[in-house]
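Descriptive structure summary
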Amino acid sequence: MNDELEGTEQPFVSHLIELRDRLIRSVVAIGVCFGALALWPGPAGLFELLAHPMIATLPSGGAMIATSVISPFMVPLKVTLMAAFLLALPIVLYQVWAFVAPGLYMHEKKLVLPLVISSTILFLLGVAFCYFFVFGQVFRFIQSFAPKTITAAPDVEAYLSFVMSMFIAFGAAFEVPVVVVLLARMGLVTIDKLKAFRGYFIVIAFIIAAVITPPDVVSQLALAIPMCLLYECGIWAAVVFIRHTQAPAEESTPPAG
């Protein structure tokens, strides 16, 4: 009994040690990116970059306000940490991949690595699309409805919360192809069923856009239309992935970790 316990304890402990090491590497990568961004362009510069879409739509001389005493310090710091995480995301995902890869079949490795890379790229594309296109359109649309008696002076904490929620919403929405590929590759749905589900997905996409975006037509269309297009891309990608990641008949056990 002791031998059995010793035989199973050692691999478990070694896996915990490896997990700890990879978590430390991920944290170090984020810390290095944070330090680099803190030096240039600096927390203030990053916040000004993040706030540019809003400031550009405010009346001449308009500015954002801080209703909390520590907001001028904490908000730029949070923005820098968010940017550092996005900058270090490839390294973080590589550590995740390196930890799980030894326990996967060869055909699973062929599937997981492209999905990790594509999901990272799609998330960053969603964030970029939101920043460079959606924010400007939404803020201009909102300001066009503001009465002249109202002076727009957004709070920095509320603005950061809004930006984060929109980034997450668009980043997650751009993951539609990855979800479609996984569902098809796991055999939960067939390609024919995915094609037949197009009409329902369009309705779902517009419902999701109406729920998680501000109550304006611009942002809802800006989220729903890309989701529908990405769904079509996901169907095409699923066909390719299924063709190139079939499990060989001779693979019966995962490689030893």
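Everything discussed here concerns the structure shown above.
Residues numbered from 1 in each chain as written. Predicted model: local features only at pLDDT ≥ 70, side-chain atom pairs only at ≥ 80, totals over all residues. Heavy atoms only, no water.

Let's talk about the pattern of salt bridges
This structure, assessed with the given rule, holds 4 salt bridges. For Lys-78, the salt bridge is made with Glu-157, and the minimal N-O distance between the two is 3.9 Å. With Lys-78 in helix H3 (residues 71-100) and Glu-157 in helix H5 (residues 156-173), this residue pair connects regions lying 79 residues apart in the sequence. Measuring nitrogen to oxygen at the nearest pair gives 2.5 Å for the salt bridge that ties Glu-232 to Arg-198. In this pair, Glu-232 is assigned in helix H9 (residues 217-244) and Arg-198 in helix H8 (residues 198-212), connecting sequence segments 34 residues apart. Judged by its relative accessible area of 32%, Glu-232 falls in the partly exposed class. Judged by its relative accessible area of 31%, Arg-198 falls in the partly exposed class. (Salt bridge = Lys/Arg side-chain N within 4 Å of Asp/Glu carboxyl O. Helix = DSSP H or I, 4+ residues; strand = E, 2+ residues; numbered from the N terminus. Buried < 20%, exposed > 50% of the residue type's maximum accessible area, 1.4 Å probe, protein only.)

Overview of the nonpolar core
Ranked by internal contacts, the top residues of the largest apolar core, which has 58 residues, are Leu-50, Phe-135, Tyr-159, Phe-167 and Phe-170. With near-sequence residues (within four places) excluded, Phe-135 lies in contact with Pro-53, Cys-130, Phe-162, Val-163, Met-166 and Phe-167. (Core = buried A, V, L, I, M, F, W, Y, C linked by side-chain atoms within 4.5 Å. Contact = heavy atoms within 4.5 Å.)

Digging into the layout of surface pockets
The volume enclosed by the largest pocket comes to roughly 340 Å³. Around the largest pocket sit 14 residues that line it, and Leu-46, Leu-49, Leu-50, Ala-83 and Leu-86 are the ones nearest its centre. Every element with two or more residues in the lining of the largest pocket is listed here: helix H2 (42-55), H3 and helix H4 (106-145). A total of 5 residues in the lining of the largest pocket trace back to one element, the largest contributor, which is H3. Residue composition of the lining of the largest pocket, by class: 14 nonpolar, no polar and no charged. Taken as a whole, the second largest pocket spans an internal volume of roughly 280 Å³. If you go around the second largest pocket, you meet 17 residues; those closest to its centre are Val-176, Val-179, Val-180, Phe-201 and Tyr-231. Ranked by the residues each element gives to the lining of the second largest pocket, the list is headed by helix H6 (residues 176-185), at 4 residues. Along the lines of polarity and charge, the residues of the lining of the second largest pocket split into 15 nonpolar, no polar and 2 charged. (1 Å grid on protein atoms, 1.4 Å probe; cavity = no way out; pocket = protein on both sides within 12 Å on 5 of 7 lines; lining within 4 Å. Points joined across faces, edges and corners; volume = space filled by probe spheres on them. Nonpolar A, V, L, I, M, F, W, Y, C, P; charged D, E, K, R; others polar.)

Observations regarding unusual backbone geometry
With an omega of 5 degrees, the peptide bond running from Trp-40 to Pro-41 counts as cis. As for its position among the elements, Pro-41 is in the loop between helix H1 (2-39) and H2.

Observations concerning the packing of H2 against H5
Packing of H2 against H5 leaves a shortest axis separation of 11 Å and a crossing angle of 85 degrees. Here H2 is positioned roughly perpendicular relative to H5, judged by the angle of their axes. Contact residues: H2 offers Phe-47, Leu-50, Ala-51, Pro-53 and Met-54, while H5 offers Val-156, Tyr-159, Leu-160, Val-163 and Phe-167. Here the contact of H2 with H5 is built from residues that sort into 10 nonpolar, no polar and no charged. (Axes fitted to C-alpha atoms, helices over the stretch in contact; angles between N-to-C directions. Parallel < 35°, antiparallel > 145°, perpendicular 65-115°, else oblique.)

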